[in-house]
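A structural walkthrough
Below are the chains, spelled out letter by letter.
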Amino acid sequence: MLKPKCIISSKPLAFTSYGYLLPCCWCDKRNAKVSKAEGWDKFMTSDLHLDNAKVNDVLQSKVWNDFHDTLTNNPENAPNTCKKFCGNDEYEEISKVVE
Ligand code: SF4
């Protein structure tokens, strides 16, 4: 089971040093390969950069809507980071390998 703290509690958004918003600080990976493998790179495209889009536009973008839909309706396909930090024991093995 996934209990996304970014939806059901007050886990705040993250604002990266590169100028992008992410759903939370745990999604801000230091490793580009990990970021891509988990799909966080989708949140960091030029159209979602805060030089090019307003915060509300970013938060209402397809990338963000699809992500929230996955967390709510299809949690098995959520990124491993979400399973580690917002999942239950079911995801214990995944949690051990999340960078
Ligand atoms: S780890 Fe994922 S589900 Fe948990 S707060 Fe961050 S974005 Fe939301």
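First, a word on scope: everything that follows refers to the structure included in this document.

Reading the values: rules and limits
- Residues numbered from 1 in each chain as written.
- Predicted model: local features only at pLDDT ≥ 70, side-chain atom pairs only at ≥ 80, totals over all residues.
- Helix = DSSP H or I, 4+ residues; strand = E, 2+ residues; numbered from the N terminus.
- Contact = placed C-beta atoms within 7 Å.
- Near = placed C-beta within 6 Å.
- Nonpolar A, V, L, I, M, F, W, Y, C, P; charged D, E, K, R; others polar.
- Buried ≥ 20, exposed ≤ 12 C-beta atoms within 10 Å, placed from the backbone.

1. What about the overall build of the protein chain?
Along its length, the protein chain carries six helices and two strands. Secondary structure of the protein chain in N-to-C order comes out as α-β-β-α-α-α-α-α. Expressed along its principal axes, the backbone C-alpha trace of the protein chain runs to roughly 40 × 25 × 20 Å. Restricting the contact set of the protein chain to residue pairs at least 6 apart, pairs at least 24 apart contribute 44%.

2. Digging into the site of the ligand
The ligand sits among 13 residues. The nearest are Cys-6, Pro-23, Cys-24, Cys-82 and Cys-86. Where the shell around the ligand is concerned, the elements lending two or more residues are α1 (5–8) and α5 (80–86). Examining the composition of the shell around the ligand, we find that four residues originate from one element, α5, more than from any other. Residue composition of the shell around the ligand, grouped by class: ten nonpolar, one polar and two charged.

3. Looking at the environment of Pro-23
As for its placement among the helices and strands, Pro-23 is situated in the loop between β2 (21–22) and α2 (32–38). Residue classification places Pro-23 among the buried positions, given that 25 C-beta atoms sit within 10 Å. C-alpha of Pro-23 to C-alpha of Leu-59: the two residues are 36 residues apart in sequence and 9.2 Å apart in space. Sequence-distant contacts of Pro-23, defined by excluding residues within four places in its chain, comprise Cys-6, Leu-13 and Phe-67.

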